[in-house]
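Residues per chain are reported as follows:
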Amino acid sequence: MRWLIVILALLAGPVQAELFIYRTPGGHTVFSDRAMTRPGYAPANYAARRGPRKYTGPTLITPASVRGATLISPGRQAVERLIERLAPQYALDPALVKQVVAAESAFNSNARSPKNAQGLMQLIPATAARFGVQNPWDAEQNLRGGMAYLSWLLGQFRGDVRLALAGYNAGEGAVARHGGLPPYAETRNYVAGIISRYGKTEHPYTVVAR
């Protein structure tokens with residue numbers, strides 16, 4: 001009866017752990033919420049014989065396998081909603097901004113690069129100051145500063161998404177010096193990666209003095 005009460009108590013309410021049952025060399029029955037490996041302990045139920053379950057992480061479903069079904073975290077969802085709200089204020093396609101944020105910080109608002117680029121859109125201090133960002137770790141301020149810069153770059157390069165992205169990665173001065181896409185491998189890979197996911201090379205633009 002005592003063991004029956006123990007079992008009922010373990011099984012009552014929401015199940016949060018498996019029950020592992022063992023018999024000891026002395027003939028006692030041991031109940032545990034985790035697998036045991038003590039010498040002489042004989043498994044007495046299926047869970048004990050099978051052992052602990054192996055953790056299987058969530059499967060990342062990519063757009064290539066199931067269109068539009070990418071697994072994303074709650075944090076990323078919040079950032080994406082913020083992008084969708086703010087992007088129209090800067091005449092930007094939210095889809096483009098999302099790809100830039102993904103490439104820059106993987107939607108991590110605490111990201112910092114070895115060159116001290118900070119936050120979601122990886123603003124260096126000079127760019128943050130240029131576009132009025134006081135706290136680059138604040139998600140909305142960072143997005144506003146990065147979007148203002150990206151919108152300005154699209155205006156400078158007449159809606160050419162490749163050149164605007166190159167300017168965002170390497171600086172507009174590098175694009176001007178090389179008369180187009182700079183020959184840096186990092187910049188070329190950055191641009192190619194975003195373009196392949198965004199799927200467009202032109203974007204509406206407005207010329208804004210800055």
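It should be noted that the structure appears before, not after, this text.
Residues numbered from 1 in each chain as written. Predicted model: local features only at pLDDT ≥ 70, side-chain atom pairs only at ≥ 80, totals over all residues. Heavy atoms only, no water.

Caption draft 1: Looking closely at helix H6 (residues 139-156). For H6, built from 18 residues, the straight-helix expectation of 26 Å at 1.5 Å per residue is met to within 8% by its first-to-last C-alpha distance of 26 Å. By the criterion of burial, H6 is predominantly enclosed, with 13 of the 18 residues buried. The residue sitting at the N-terminus of H6 and contributing the capping side-chain oxygen is Asp138; that oxygen lies 3.2 Å from the backbone nitrogen of Glu140. (Helix = DSSP H or I, 4+ residues; strand = E, 2+ residues; numbered from the N terminus. Expected span 1.5 Å × (residues − 1). Buried < 20%, exposed > 50% of the residue type's maximum accessible area, 1.4 Å probe, protein only. Polar contact = N/O pair within 3.5 Å; in protein donor to acceptor, adjacent residues only side chain to side chain.)

Caption draft 2: Layout of unusual backbone geometry. One non-glycine residue with positive phi stands out, namely Ala106, at about 55 degrees. Relative to the helices and strands, Ala106 resides in the loop between helix H4 (94-105) and helix H5 (125-130). With phi around 70 degrees, Asn116 is a residue other than glycine that occupies positive phi space. Mapping Asn116 onto the fold places it in the loop between H4 and H5.

Caption draft 3: Quick look at the packing of aromatic side chains. Applying the stated criterion to the full structure yields three aromatic pairs. When the ring of Phe131 is compared with that of Tyr149, the centres are 5.4 Å apart and the planes differ by 45 degrees; the resulting orientation is tilted. A residue pair is termed long-range when its members are at least 10 positions apart, and Phe131 in the loop between H5 and H6 and Tyr149 in helix H6 qualify at 18 residues. Tyr149 shares its class with Phe131; the two are buried. Note on Tyr149 and Tyr168: the rings are 5.4 Å apart at their centroids and 35 degrees apart in plane angle, and the pair reads as tilted. With Tyr149 in helix H6 and Tyr168 in helix H7 (residues 161-170), this pair connects stretches of sequence that are 19 residues apart. Among the residues examined, Tyr149 registers a relative accessible area of 6% and is labelled buried. (Phe/Tyr/Trp six-rings, centres within 6.5 Å; stacked < 30°, edge-to-face > 60°.)

Caption draft 4: Inspection of the pairing of strand E2 (residues 29-32) at higher detail. Sheet topology places strand E1 (residues 20-23) next to E2; four bridges connect them, and they run antiparallel. If you follow Ile21 over to E2, its bridge partner there is Phe31. (Pairing = 2+ DSSP bridges.)

Caption draft 5: Broad picture of the sheet that holds E2. Spatially, the three strands line up as an open sheet ordered E2-E1-E3, and their pairing is antiparallel. With partners counted over all chains shown, the strands left at the sheet margins are E2 and strand E3 (42-43), one partner each.

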